[in-house]
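Geometric and topological summary
Chain by chain, the residues:
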Amino acid sequence: MLILLAVLVAFWLDSMKARDLAAAFARDTCQRQGLQLLDATVTLSRLGLARSPRGHATLARTYRFEYSRDGTTRQTGFIRLRGHRIETIGLADDIA
C-alpha cells in the first residue's frame, strides 16, 4: 500500500511540473505572438505513453489553452509534451 501511495505522489508531482512547464510556454508563446492568454492556465486534454529520443517509455501529454487575438474572440491552442520536453505547439491558425 505504501508503494502505491509513493507512485501516486510521484505521478502527481511529475504532472504538476509538466503543467507548470506547459503554462509557462503558453504564456511566453502568446506574449511573443502579441496574443492574450485567457484564463492564464492550461488544461490536460490527453495523456498517453510515448518513446523518448533515447527509446525509453515516457508520458506524453497534450494541454489545451485559450487565447485571443483581439480581446473578444476565443481561440484554442495546444502544447504537446513528451516527458518534460516541448514537442509541438499549435495555434488555431496552425490547426486549420
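Note that this is a predicted model, so its numbers are computed, not measured.

1. Observations regarding the sheet that holds strand β2 (residues 57-68)
Pairing in this open sheet of four strands is antiparallel, and the strands run β1-β2-β3-β4 from one edge to the other. Edge positions in the sheet fall to β1 (36-51) and β4 (85-90), since each has one partner strand and no second. On average, each strand axis in the sheet is inclined to that of its neighbour by 20 degrees, with strand direction left out of account. In this structure, β1 lies alongside β2, joined through eleven bridges in antiparallel fashion. Paired with Gly48 across the strands is Ala60, a residue of β2. Across the sheet, helix α1 (residues 2-33) lies against β1, β2, β3 (75-82) and β4, angled at about 40 degrees from β2, the strand it touches most.

2. With respect to the packing of aromatic side chains
In this structure the tally under the stated criterion is one aromatic pair. Lying across the ring of Phe25, Arg32 places its NZ or CZ 5.9 Å from the centre.

3. Remarks on the confidence of the model for the chain
A low pLDDT means the predicted coordinates there should not be read in detail. Averaged over all residues, the pLDDT of the chain equals 90, while 96% of them reach at least 70. Within the chain, the element-level pLDDT minimum falls on helix α2 (residues 92-95), averaging 58, and the maximum on β3, averaging 95.

4. A closer look at the pattern of salt bridges
All told, the structure shown has five salt bridges when counted by the stated rule. Among the ionic pairs, Asp20 bridges to Arg19, the shortest N-O distance being 3.3 Å. With a relative accessible area of 28%, Arg19 lands in the partly exposed category. The closest approach of N and O atoms between Arg82 and Glu87, which form a salt bridge, is 2.5 Å. On the basis of relative accessibility, which here comes to 31%, the residue Arg82 falls in the partly exposed class.

Procedures and definitions
- Residues numbered from 1 in each chain as written.
- Predicted model: local features only at pLDDT ≥ 70, side-chain atom pairs only at ≥ 80, totals over all residues.
- Heavy atoms only, no water.
- Pairing = 2+ DSSP bridges.
- Helix = DSSP H or I, 4+ residues; strand = E, 2+ residues; numbered from the N terminus.
- Axes fitted to C-alpha atoms, helices over the stretch in contact; angles between N-to-C directions.
- Contact = heavy atoms within 4.5 Å.
- Phe/Tyr/Trp six-rings, centres within 6.5 Å; stacked < 30°, edge-to-face > 60°.
- Lys NZ or Arg CZ within 6 Å of the ring centre and 35° of its normal.
- pLDDT = per-residue confidence, 0-100.
- Salt bridge = Lys/Arg side-chain N within 4 Å of Asp/Glu carboxyl O.
- Buried < 20%, exposed > 50% of the residue type's maximum accessible area, 1.4 Å probe, protein only.

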